Amino acid sequence: MFRGKTFVPFALALLTALTNCGRSKTTPAQSAAEPTETIHADVVDAPNVPPAIHRDHAVRVVVEIEVKEVTMPIADGATYTFWTFGGHVPGQFIRVREGDTVELHLKNAPGNKMPHNIDLHAVTGPGGGAPRTFVAPGHQTVFTFEALRAGLFAYHCATAPVGMHIANGMYGLILVEPREGLPPVDKEFYVMQGDFYTTGATNDKGPQAFDMQKAIDEKPTYVLFNGAEGSLTGANALHAKVGERVRMFVGNGGPNLVSSFHVIGAIFDRVYREGGTTPEQDVQTTLIPAGGAATVEFTPREPGEYTFVDHSIFRAFSKGAQGQLSVEGASNTALYADQGPDLPFTGADVPAATAAPTPVPQTKEELLAMGAGVFDRTCAACHQKTGAGLPPAIPPLAGSDFLMADKDRAVHIALGGLKGPVVVNGTTFGNMEMPSHAFLSDAELASALTYVRNSWGNTGDAVMPADVATARAAGVHTVLAER
Ligand SMILES: [Cu+2]
């Protein structure tokens, strides 16, 4: 009987069973049919992700997520009522394997005020699950789908008004690992960007409500990683060591903005663009669409703080879109050397070492002749060739009562710089500082000062190189102008 047609499938089945022996206790062989083994998914809060999957067969994965409407800090001193998948923004990270059957239990906490649902971009079917998961406060529902395609997918609430549910923080990521798994790395992190629309202005204190008009106009008051300013900086920074391979699962919940995700000081040697499965190599900044994701990988080689930003850079510095990866380990100066010495640069050719030294000007005429050149090269960039300055930031030297009132003070300003507010001819200047010019020689400074004190209607005596030398010896410091 064990010959011919029946023997071959039997032997194959035996072989398959043997091959899988020890990997799984309940499912001996992978089958295209619905999996018989059931496991409970480990869903975790950002910036953490569940551990990598080492299974070689599909299972039924039970995922339980509770929608919670919670009031939490959005920025320093400001709170916001977030709607969340699991209690935080972004929602809990779901990790399954290609081919798994996902049994999603969506619970809406009894104290909540709104119905919610979930649209997972990993779902194949109209609405991505949203029409089959609508759930009122104090209720739960179950929705089952097969994770057909590998990739990193966003999920979000899609209950009307959809934009409002997303703007309130209802998004997260689901990773469908390819059958063969992802290459191993040392550290994995979960970061998701979102734009927020508060009734108050950016940095206003106190409870903040959602502002529908700002959301429609796409004018966010905050652009944040992981739902709050500072959620990934300072004490909350991510950590890695020099030489460790870092993988970041980066999502963008929107609702409106696309992200130009960039880690300052790192090159992504691999990016799975838009959450797809074919990695791109050597990318500086990757674009993450609203409702999209990217997996980025790199290995920091030098210790320090790696700030990551949305490189639409005002979002980073004015609206909160900053996080930090803090890297410890030994420095590699061949790769990333320390800053070299500070040397003067006047824009003119650096004189050759063999050139004869410029004679030091002795008379007022000599000082004026040299001073015109020094002024044009150094001071005119700000004060203008005409000495007129650039109001309202840069005061005039032409006809300046302030300049002419105190020669010694002018020497100290040229040497050490000036911090306002300063009143010149009745007008107050103070929103810009004048930098120190101590890198100029005594003769250069003396000649420039003599020049400005004897041009454009100003008349005064000469500033001698010895005057500058005396002031320099007394100590170079920023002059604080008094009104
Ligand atoms: Cu919702």
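Rules behind the numbers
- Sequence positions are assigned chain by chain, starting from 1 and proceeding in written order.
- Totals for whole chains, interfaces and linings use all residues, but because this is a predicted model, local features are given only for residues with pLDDT of at least 70 and pairs of side-chain atoms are given and counted only at 80 or more.
- For side-chain calculations, the full set of non-hydrogen atoms in the structure is used, while hydrogens and water are omitted.
- Under the DSSP-based scheme used, a helix requires at least four consecutive residues in state H or I and a strand at least two consecutive residues in state E, with every element numbered from the N terminus.
- Throughout, radius of gyration means the C-alpha value; the globule benchmark is 2.2 Å times the number of residues raised to the power 0.38.
- In this analysis, two residues are considered to be in contact whenever any of their non-hydrogen atoms come within 4.5 Å of each other.
- Residue-level accessible areas treat just the shown protein chains as cover; the underlying method is Shrake-Rupley with a 1.4 Å probe.
- Counted charges follow a simple rule, with Lys and Arg positive, Asp and Glu negative, and His plus the chain ends left uncounted.
- Note on charges: their place is set at NZ of Lys, CZ of Arg, CG of Asp or CD of Glu.
- Under the rule applied, a polar contact is a pair of N or O atoms within 3.5 Å (in protein, one hydrogen donor and one hydrogen acceptor; residues adjacent in sequence only if both atoms are side-chain atoms).
- Note on pairing: two strands pair once DSSP finds at least 2 bridges between them.
- Interaxial angle, 0 to 180 degrees, is taken between N-to-C directions of lines fitted to C-alpha atoms, where a helix line uses only the stretch in contact.
- For Na, K and Ca the donor cutoff is 3.2 Å, while for all other metals N, O and S atoms must lie within 2.8 Å; water is not among the atoms, so some sites may look incomplete.
- Square planar and octahedral assignments, for four and six donors respectively, both demand that opposite donors be over 155 degrees apart and that all other angles lie between 65 and 115; tetrahedral needs four donors with all angles between 85 and 135 degrees, and anything else is irregular.
- Exposure is judged per residue with a 1.4 Å probe applied to protein chains only, and the accessible area is read against the type maximum: over 50% gives exposed, under 20% gives buried, and values in between give partly exposed.
- Within the patch definition used here, like charges are joined within 9 Å and nonpolar side chains (Val, Leu, Ile, Met, Phe, Trp, Tyr) within 5 Å, considering only residues with over 30% relative accessible area and no salt bridge.
- The term salt bridge refers to a pairing of a side-chain nitrogen on Lys or Arg with a carboxyl oxygen on Asp or Glu at a separation within 4 Å.
- Residues grouped as a nonpolar core are buried Ala, Val, Leu, Ile, Met, Phe, Trp, Tyr and Cys residues, joined through side-chain atoms within 4.5 Å.
- An angle counts as roughly parallel when it lies under 35 degrees, as roughly antiparallel when it exceeds 145, as roughly perpendicular when it falls between 65 and 115, and as oblique in every other case.
- Aromatic rings from Phe, Tyr and Trp, taking only the six-membered ring of Trp, are treated as a pair when their centres fall within 6.5 Å; an angle between ring planes under 30 degrees marks them as stacked, one over 60 as edge-to-face, and anything in between as tilted.
- The criterion is that NZ of a Lys, or CZ of an Arg, lies within 6 Å of the ring centre and within 35 degrees of the ring normal, and then a charge sits over that ring.

## A look at the overall build of the protein chain
Now for step 1: For the protein chain, the count of helices and strands is nine helices and 24 strands.
Now for step 2: Whereas a compact globule of 483 residues would reach a radius of gyration of roughly 23 Å, the protein chain reaches 33 Å, over 25% beyond that.
Now for step 3: With respect to the principal axes defined by its C-alpha atoms, the protein chain has extents near 120 × 55 × 30 Å.
Now for step 4: For the protein chain, restricting intrachain contacts to residue pairs at least 6 apart in sequence, the fraction spanning at least 24 positions comes to 68%.
Now for step 5: A total of about 23,700 Å² of accessible surface is found on the protein chain, and carbon and sulfur atoms cover 57% of it.
Now for step 6: Averaged over its 35 positive side-chain charges, the protein chain has a centre that lies 7 Å from the centre of its 49 negative ones.

## Notes on the side chain of Gln208
Now for step 1: Residue position: Gln208 is located in strand β11 (residues 206–208).
Now for step 2: In this structure the side chain of Gln208 is engaged in a polar contact, spanning 3.3 Å, whose partner is the backbone oxygen of Lys205.

## A look at the sheet that holds strand β15 (residues 259–263)
Now for step 1: Strand order in the open sheet formed by five strands is β13-β20-β19-β15-β17, and the pairing between neighbours is mixed. Where the open sheet ends on each side, the last strands, each with one partner, are β13 (238–241) and β17 (285–288). Neighbour-to-neighbour, the strand axes of the sheet open up by a mean angle of 25°, direction not taken into account.
Now for step 2: The pairing of β13 with strand β20 (residues 322–328) spans four bridges and is classified as parallel. Considered in β20, the bridge of Lys241 is made with Glu328.

## Observations regarding the coordination of the copper ion
Now for step 1: Looking at the copper ion, one finds its protein donor set to be His116 (ND1), Cys157 (SG), His165 (ND1) and Met170 (SD), positioned 2.0 to 2.5 Å from the metal centre.
Now for step 2: What the four donor atoms of the copper ion show is an angle range of 87 to 137° at the metal, which sorts the shape as irregular.
Now for step 3: Read in sequence order, the donor residues coordinating the copper ion give the pattern H-x40-C-x7-H-x4-M. Residue Cys157 is located in the loop between β8 (151–156) and α2 (162–167), and its partner Met170 is located in the loop between α2 and β9 (171–177); the two are separated by 13 residues in the primary sequence. Across the pair, Met170 and Cys157 agree in class, each one buried.

## Points about a nonpolar patch on the surface
Now for step 1: A grouping of Ile313, Phe314 and Phe317 is seen on the molecular surface, where their side chains present a nonpolar patch of about 360 Å² in accessible area.
Now for step 2: For Ile313, the location among the structural elements is in the loop between β19 (304–310) and α4 (314–318).

## What about the sheet that holds strand β14 (residues 246–254)?
Now for step 1: Ordered in space as β12-β10-β14-β18-β16, the five strands form an open sheet in which the pairing is mixed. Bordering the open sheet on either side are β12 (222–225) and β16 (270–272), each of which pairs with just one other strand. If you compare each strand with its neighbour and ignore which way they point, the axes differ by 15° on average.
Now for step 2: With eight bridges joining them, strand β10 (residues 187–196) and β14 adopt parallel strand pairing. When the sheet's bridge partners are listed, Gly194 is paired in β14 with Gly254.

## Side note on the pairing of strand β3 (residues 78–85)
Now for step 1: Counting buried residues along β3, six of its eight residues qualify, which places the element largely inside the surrounding structure.
Now for step 2: Inspection of the sheet shows strand β2 (residues 60–75) paired to β3 by eight bridges, in the antiparallel sense. Each bridged residue has a counterpart across the sheet, and for Val70 the counterpart in β3 is Phe82.
Now for step 3: Once β2 ends, the chain turns through two residues before running back antiparallel as β3, passing Gly77 with a positive phi of about 80°.

## Quick word on the pattern of salt bridges
Now for step 1: Going through the model one piece at a time under the given rule, you end up with 20 salt bridges.
Now for step 2: Residue Asp100 pairs with Arg55 through a salt bridge whose shortest N-O separation is 2.9 Å. Of this pair, Asp100 sits in the loop between β4 (94–97) and β5 (101–108) while Arg55 sits in the loop between β1 (38–40) and β2, and the two are 45 residues apart along the sequence.
Now for step 3: Overall, Asp100 belongs to the buried group, its relative accessible area being 0%.
Now for step 4: Taking the relative accessible area as the measure of exposure, Arg55 reaches 17% and is therefore buried.
Now for step 5: Of the charged contacts in the structure, one is a salt bridge between Arg245 and Asp269, with a shortest N-O distance of 2.6 Å. Within this pair, whereas Arg245 is found in the loop between β13 and β14, its partner Asp269 is found in the loop between β15 and β16, the two being separated by 24 residues in sequence.
Now for step 6: Taking the relative accessible area as the measure of exposure, Asp269 reaches 27% and is therefore partly exposed.

## Quick look at the nonpolar core
Now for step 1: If you look at the biggest cluster of nonpolar residues, it comprises 27 residues, and the most contacted ones within it are Phe85, Ile94, Leu120 and Ile174.
Now for step 2: Sorting the residues of this core by element identifies β2, β3, β4, β5, β7 (139–146), β8 and β9 as the ones contributing at least two each.
Now for step 3: The greatest single-element share of this core, amounting to four residues, is contributed by β2.
Now for step 4: Once residues within four sequence positions are removed from consideration, Ile94 is found in contact with Val43, Val63, Ile65, Leu104, Leu120, Tyr155, Leu173, Ile174 and Leu175.

## Focus: the packing of helix α5 (residues 364–383) against helix α8 (residues 442–452)
Now for step 1: Their axes nearest at 7 Å, the elements α5 and α8 cross at an angle of 95°. Judged by the inter-axis angle, α5 sits roughly perpendicular to α8. Counting all contacts with α5, which are made through Lys364, Leu367, Leu368, Met370, Gly371, Ala372, Val374 and Phe375, the residues of α8 involved are Ala443, Glu444, Ala446, Ser447, Ala448, Thr450, Tyr451 and Val452.

## Notes on the packing of aromatic side chains
Now for step 1: Tallied over the entire structure, the rule returns 15 aromatic pairs.
Now for step 2: Taking 5.5 Å as the distance between ring centres and 45° as the angle between the ring planes, the aromatic pair formed by Phe375 and Tyr451 counts as tilted. Of the two residues, Phe375 sits in helix α5 while Tyr451 sits in helix α8, which places them 76 residues apart along the sequence. There is no split in this pair, since Phe375 and Tyr451 are both buried.
Now for step 3: Look at Phe375 and Trp456: their rings are 5.2 Å apart centre to centre, the planes differ by 55°, and that puts the pair in the tilted class. Of this pair, Phe375 sits in helix α5 while Trp456 sits in the loop between α8 and α9 (465–474), and the two are 81 residues apart along the sequence.
Now for step 4: Members of the aromatic cluster, joined through ring pairs, are Phe225, Phe261, Phe268, Phe298 and Phe308.
Now for step 5: The ring of Phe402 has Arg409 lying over it, and the distance from NZ or CZ to the ring centre is 3.7 Å.

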